[in-house]
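# Geometric and topological summary
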Amino acid sequence: MTWRVGVIGGGQLARMMIPPAVELGISLSVLAETAGSSASLAATTIGDYRDVDVVLAFAAEVDVITFDHEHAPPTVLAALAATGIPIRPGPHALAVAQDKVFMRERLTQIGAPVPSWARVSGPAELAGFLAAHGGSAVVKTPRGGYDGKGVRVVRDPSAVDDWFAASAGEALLAEQFVPFRRELAQLVARRPSGELAAWPLVETVQEGGVCAEVFAPAPAAETLATRARELAAHIAESLDVTGVLAVELFETEDGGLLVNELAMRPHNTGHWSIDGAVTSQFEQHLRAVLDLPLGDPSPTAPVSVMVNILGGPSGERMPDRYGEAMAAHPEVKLHSYDKDSRPGRKVGHLTATGDDLAEVLGRARAAAEFFKG
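What comes next is a walk through the structure. None of the values given here were measured: they were computed from a predicted structure.

Attention now moves to the side chain of Thr66. Counting through the fold element by element, Thr66 comes out in strand 4 (residues 64–67). Taking the relative accessible area as the measure of exposure, Thr66 reaches 0% and is therefore buried. Within the structure, Thr66 has its side chain in polar contact with the backbone oxygen of Arg88 (distance 2.8 Å). Polar contacts involving the side chain of Thr66 include one to the side chain of His285, which spans 2.7 Å. Non-local contacts of Thr66, meaning those with residues more than four positions away in its chain, are made with Val5, Gly6, Val7, Ile8, Arg88, Pro89, His285 and Val289.

Moving on: the pattern of salt bridges. By the definition in use, this model includes 23 salt bridges. Measuring nitrogen to oxygen at the nearest pair gives 1.7 Å for the salt bridge that ties Glu105 to Arg119. Of this pair, Glu105 sits in helix 5 (residues 100–109) while Arg119 sits in strand 5 (residues 117–120), and the two are 14 residues apart along the sequence. For Arg119, a relative accessible area of 44% gives the class partly exposed. Each member of the salt-bridge network shares a partner with another, and the members are Arg104, Lys140, Glu175 and Glu261.

This brings us to the nonpolar core. Counting 29 residues, the largest nonpolar core has Leu107, Ile235, Leu245, Val259 and Leu262 as its most contacted members. Those elements giving two or more residues to this core turn out to be helix 4 (91–98), helix 5, strand 9 (180–190), helix 8 (222–238), strand 13 (243–252) and strand 14 (257–263). Counting residues per element, this core draws most heavily on helix 8, which supplies six residues. Residues contacting Val259, with those up to four places away along its chain left out, are Arg104, Leu107, Ala112, Pro113, Val114, Pro115, Leu231, Ile235, Val247, Glu248 and Leu249. Of all hydrophobic cores here, the second largest spans 20 residues; its members include Ala14, Ala21, Ala32 and Ala39.

Scoring rules and cut-offs
- Residues numbered from 1 in each chain as written.
- Predicted model: local features only at pLDDT ≥ 70, side-chain atom pairs only at ≥ 80, totals over all residues.
- Heavy atoms only, no water.
- Helix = DSSP H or I, 4+ residues; strand = E, 2+ residues; numbered from the N terminus.
- Buried < 20%, exposed > 50% of the residue type's maximum accessible area, 1.4 Å probe, protein only.
- Polar contact = N/O pair within 3.5 Å; in protein donor to acceptor, adjacent residues only side chain to side chain.
- Contact = heavy atoms within 4.5 Å.
- Salt bridge = Lys/Arg side-chain N within 4 Å of Asp/Glu carboxyl O.
- Core = buried A, V, L, I, M, F, W, Y, C linked by side-chain atoms within 4.5 Å.

The following block contains the structure:
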């Protein structure tokens, strides 16, 4: 038989689902926003994912719907659900990923550890939160933020006056400013029948709110790894997530774990798995949404390092520098997202593997230098 998977969104995550789909004989169709999207190789429809008619016409040609992003409106998801086509993850789970206030509510309800938080509807409420939390807080817009957008560290309630003015009465999310040792991420995959698989806990390094590097497994994290895996499994099961779930975490100064964000799709912190795990997050996501037995998530090397290519070479595309980079580092794996260079933009990533973190990280960073400026 041929399974038909439809992906809403034509970004790099959909693009990276294409190779495992080809390998498994899965027919992958993508609803892309533009003709020049990263996933154009599988784009069968060009259209607006916010348009119910466009999405329903696209869904009529596939067996299951999944996502490159979490931005499909609830009205579209409800219309899809009414057709009976499987949506994975489902609208009830996606609602948690789409609204940061609701995310905090649900995580609190299921007993997941999160920073102290509150809804704030104006400067007076924010001032009260600041006073109760040492004079500083992290304020987030409930919807639409990513890669550091929609997030501000605030010490004066007037710092988000523009957000309050634009919020149309919708509350913002205020969170305790958490001193932390480092940021971590735990990825798991869950299929509708309940089987769950987890990759190793990883450490992430951020630059300006954007993921820059990932170390797999997270160094010196043996005591945290079991707790992180159990926490991610608890979240996936409690929220009924199907497909890949990424749980972004803070390791606190006292060695605790706090949940920062959730993503219900393949995630930047799991890109290392393409070259560093038996089963990549992209193959696993396809298996999961089709309710096929999950693959082995074990690493294939003691250490993997993923480095994002942010911005890209000025006036060129990432492949324009392949010759030099490949000659100098033939052992490093390069991945282009078929995007034009632009400051701060994720245009690709690379992965190096080996036995020693310092050595592997050095090689990965040296290879990444070929794609800067």
